Each structure stands twice: as structure tokens, then as C-alpha cells.
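Residue-level structure breakdown
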Amino acid sequence: MVRTCIEPKQGRKRSKILPVIALLILSIAGCNQSPTEQQAASQEQPSVKKTKIVTTFLPIYWFTKAVAGDVAEVEILVPPGTEVHEYQAKPENVRAIATANILVKNGLGLEEFLEETVKNAQNPKLTEIDTSKGIKPVKEISPIVKTSKEEKDHDHDHEHAGGNPHIWLDPVMAKQQVINIRDGLIAADPQNKATYEANSAAYIQQLDQLNSQFQQTLQKYPNCTFITFHDAYPYLAQRYNLKQVAVVEIPEDQLSPTDVQNAVNAVKKYQVKALLTEPGTDNKLLNSLSQDLKLNVQTLDSLENGEPDPQHYFQAMKANLQTLEAACK
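Residues numbered from 1 in each chain as written. Predicted model: local features only at pLDDT ≥ 70, side-chain atom pairs only at ≥ 80, totals over all residues. Heavy atoms only, no water.

With that settled, the discussion passes to the overall build of the protein. The secondary structure content of the protein amounts to 11 helices and nine strands. The buried share of the protein, taken over its 329 residues, is 46%. When contacts within the protein are restricted to residue pairs at least 6 apart in sequence, long-range pairs at least 24 apart make up 69% of them. Looking at the protein as shown, the accessible area adds up to about 18400 Å², and 48% of this sits on carbon and sulfur atoms. (Helix = DSSP H or I, 4+ residues; strand = E, 2+ residues; numbered from the N terminus. Buried < 20%, exposed > 50% of the residue type's maximum accessible area, 1.4 Å probe, protein only. Contact = heavy atoms within 4.5 Å. Areas by Shrake-Rupley, 256 points an atom, 1.4 Å probe, with all protein chains shown as cover.)

What follows concerns helix H6 (residues 171-188). Between the first and last C-alpha of H6 there are 26 Å, a value that for 18 residues agrees with the 26 Å anticipated at 1.5 Å per step. Residues of H6 that are buried: Pro171, Met173, Ala174, Gln177, Val178, Ile179, Asn180, Ile181, Gly184, Leu185 and Ile186. Residue Asp170 occupies the N-cap position of H6, its side-chain oxygen lying 2.9 Å from the main-chain nitrogen of Val172. (Expected span 1.5 Å × (residues − 1). Polar contact = N/O pair within 3.5 Å; in protein donor to acceptor, adjacent residues only side chain to side chain.)

What follows concerns unusual backbone geometry. With a phi angle near 60°, Leu108 is a residue other than glycine that sits in the positive phi range. Relative to the helices and strands, Leu108 is located in the loop between strand S3 (102-105) and helix H5 (114-121). One non-glycine residue, Leu303, lies in positive phi territory at about 65°. Within the secondary structure layout, Leu303 lies in the loop between strand S9 (297-299) and helix H11 (312-328).

Of note, Thr56 is situated in the loop between strand S1 (51-55) and helix H3 (58-68). A polar atom in the side chain of Thr56 sits 2.8 Å from the side chain of Glu111.

Axis separation between H3 and H6 bottoms out at 10 Å; the angle between their running directions is 50°. When the interaxial angle is binned, H3 and H6 end up oblique. Relative to H6, H3 is oriented so that their crossing is right-handed. Note on element contacts: H6 touches H3 through Ala174, Gln177, Val178, Ile181, Arg182 and Leu185, opposite Ile60, Phe63, Thr64, Val67 and Ala68. (Axes fitted to C-alpha atoms, helices over the stretch in contact; angles between N-to-C directions. Parallel < 35°, antiparallel > 145°, perpendicular 65-115°, else oblique. Left-handed = near helix turned anticlockwise from the far one by under 90°.)

According to the stated counting rule, one finds eight aromatic pairs in the structure shown. Considering the side-chain rings of Phe57 and Trp168, the 4.9 Å spacing of their centres and the 75° angle between planes classify their relative orientation as edge-to-face. Here Phe57, found in the loop between S1 and H3, pairs with Trp168, found in the loop between strand S5 (144-146) and H6; they are 111 residues apart in sequence, far enough to count as distant. The exposure classification of Phe57 matches that of Trp168, with both residues buried. Measuring from centroid to centroid gives 6.1 Å for Phe63 and Tyr203, while their planes differ by 65°, and the two rings are edge-to-face. Residue Phe63 is located in helix H3, and its partner Tyr203 is located in helix H7 (residues 193-218); the two are separated by 140 residues in the primary sequence. Exposure remark for Tyr203: the relative accessible area of 3% places this residue in the buried category. (Phe/Tyr/Trp six-rings, centres within 6.5 Å; stacked < 30°, edge-to-face > 60°.)

The next thing to look at is the nonpolar core. In terms of nonpolar packing, the biggest core is built from 65 residues, with Phe63, Leu185, Tyr203, Phe214, Leu242 and Tyr313 touching the most fellow members. Ignoring sequence-local partners within four residues, the contact set of Phe63 consists of Trp168, Ala174, Gln177, Val178, Ile181, Tyr203 and Tyr313. Listed in part, the 15 residues of the second largest apolar core include Ala246, Val267, Val272 and Leu286. (Core = buried A, V, L, I, M, F, W, Y, C linked by side-chain atoms within 4.5 Å.)

The four strands lie next to each other as S2-S1-S3-S4, forming an open sheet whose pairing is parallel. The open sheet terminates on both sides in strands that have one partner only, identified here as strand S2 (72-76) and strand S4 (127-130). Strand-to-strand twist of the sheet, defined as the mean angle between neighbouring strand axes without regard to direction, takes the value 20°. Strand direction decides the pairing type here: S1 and S2, joined by five bridges, are parallel. Pairing of Lys52 across the sheet is with Glu73, part of S2. On top of the sheet, H6 reaches S1, S3 and S4; it is set at about 165° to S4, its chief contact. (Pairing = 2+ DSSP bridges.)

Where burial is concerned, the two faces of strand S6 (residues 225-228) agree: the one with Thr225 and Ile227 and the one with Phe226 and Thr228 are both buried. For S6 and strand S7 (residues 243-249), the ladder comprises four bridges, and the chain directions are parallel. The residue of S7 that forms the bridge with Thr225 is Lys243. Following the chain from S6 across helix H8 (residues 234-239) to the adjacent parallel S7, one finds a crossover that is right-handed. Pairing analysis gives three bridges linking S6 to strand S8 (residues 274-277), with the strands arranged parallel. From the neighbouring strand, Thr228 faces S8, where its bridge partner is Leu276. (Right-handed = clockwise from strand over helix to strand, strands pointing away.)

Right, let's talk about the pattern of salt bridges for a bit. Under the criterion given, the structure shown has six salt bridges. When the shortest N-O distance is used, the salt bridge between Asp208 and Lys175 registers 3.2 Å. Taken together, the positions of Asp208 in helix H7 and Lys175 in helix H6 put the pair 33 residues apart, joining distant regions of the chain. Residue Glu325 is joined to Lys220 by a salt bridge in which the shortest nitrogen-to-oxygen separation is 3.8 Å. One end of the pair, Glu325, is in helix H11; the other, Lys220, is in the loop between H7 and S6, and 105 residues separate them in sequence. The exposed category is assigned to Lys220, whose relative accessible area is 51%. (Salt bridge = Lys/Arg side-chain N within 4 Å of Asp/Glu carboxyl O.)

Spelled out as C-alpha cells, the structure:
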């Protein structure tokens, strides 16, 4: 091997000449590289195709996105703010499931549209994750108080064979849902196991902190009794020693004096401390009730609408905690 040395006359010039020579050598090497070699070099690091996950509605999207992070593509089937109980599948839902690797659902009969949609998607490689696995559901629902005699069976009764499905509103059960998602993703996509474990651990830590905040705040108000207008909170009430005693159904058309009086009677019957409504509910009846009974109407969020950021779960739940504390004082 022949070594070529360039001996400059002065040491200072040598430091300038060597970098120039190095750049020239690199440039020549690059220019001499054939198109085939350049193409091969560009293909040395192929882009990895991400696992495609579809989720049913917003809380399940939050939990799944928190666990998956950036290593998988996470989509949502039911647009935020849409009533998941009554959702009718769209053609784009079928297409999304047909091309997905994993489907994550709440379970407990909430997503009634799913069975037929999955069938139509004809995706034999699809892995389904039921986040309610291992969770003991509440079978009975709170008594339904119909304020209008003309009102018959209403869709918002939400009687599910699997039990009340609103488990995401209890931070402890939400933690189990995250664990089920983590384990399901690891089984279906083991190469990203470390990411799924780290991401889920961080989110679970936040859920533990949230549960502690609820316990510390609400233990001062044992057996605080409330009436709601959506049977979504039995798990939350049970966890923190509150009582959801009834669900009052509000007629969707014009209210009559009889409707208002029936609702007033129901509230008096159960001796409640609070009336809890949801964002977007028509407040005409609620305002009448609050005036007649001298009770404040508070807004409790069932978390079926909101921002796509998984951290929105904690923002909304902390707002719910403030609502419950104010209602139970």
C-alpha cells in the first residue's frame, strides 16, 4: 500500500490544505458512484409500515393513542360529539376496518353498529381488542323517570345486555382499559412492545393520580345524591361513594306544565342535592327545576366530545371533579 504525504513548507498552510483535499476526495467518490449504487444506498433504510389501528369513539381513541404514540396510525370511527349509542356505520367505516390491523372497542354492548360493520369489512387478519375485558359491569340501571306521559320507550334508556357501558368515566376502570389496550397491542405488534409498555406506564401513572384527587376531594361528601339526565355515571358514583338515584328524561318537544311538575316530584322524591346535566342539553326544563327546588344545575361531561389529544381526558375529568364538589357542598 502506497501512502502519499503532502509536506507543506509551513505548518499553518498544512491545516488549510488537508480539509480541502478531504472534501475533493469525498466529492470525487460521490461523482464516481453509479446510479445503481446511489439507488441501493437510498434503499438501505426502508420506511417501516406502521400498524393501522381503528378505534370506535373518543375515549377509546384517547387511551389507544396514548399507548401507541407515534409507532402506529390510530383512527376513530365515530366522530366526536356523535351519539355512539345510536351511531349508524358509514361506508368509510367499513373501508377503514377492511384495511386495519387492529380494532379497539369499549365493549359491553356500547358499539351496536360494530358487528355488522366488521362482517361487511371482510378482514380475516383483523385483531379485536375489547377494553372491558376483566371489568365487572353494573347490570342494573338507575330508575328512569319519564316526565311526559306521552313519552314511550326512548333510545336514551341505553339498556345493554352486557351491563352499563360507561366504564371510561371511572379512572380505575379506565386504567384497566389502558392495560387491556397495551396487552392487545403487544400481542398483535410485538416489535413495538417497549414503546407500548413505556407509554402505557406514563398514562397509568396519571390515571392513578387522578383517582387519588377524586378520592381526596369527594370523601368529604359521602352519599351525595344526584339525579342525572343520562345514565352514564353509576361507576363514577360507586367508586367515590356518591349516589346516582334516577335518570330524568326530558321531552324533545315543547314542555308542558305537567312535564315540569313530574320532574319536580321526582327530584323531591329522591331528596337530591344536585341536578347534573351534560354539555349541549336543552336547559329549559332544568332552569324550571332549579328555580322551583332552589337547586343549582351543574354540567357533568360524559367525555364523548372534545379534543383529540389524549391529555384532554384528564382536563375533562378534573372539570367533572370540580362540578361534583360544587354540587355536593
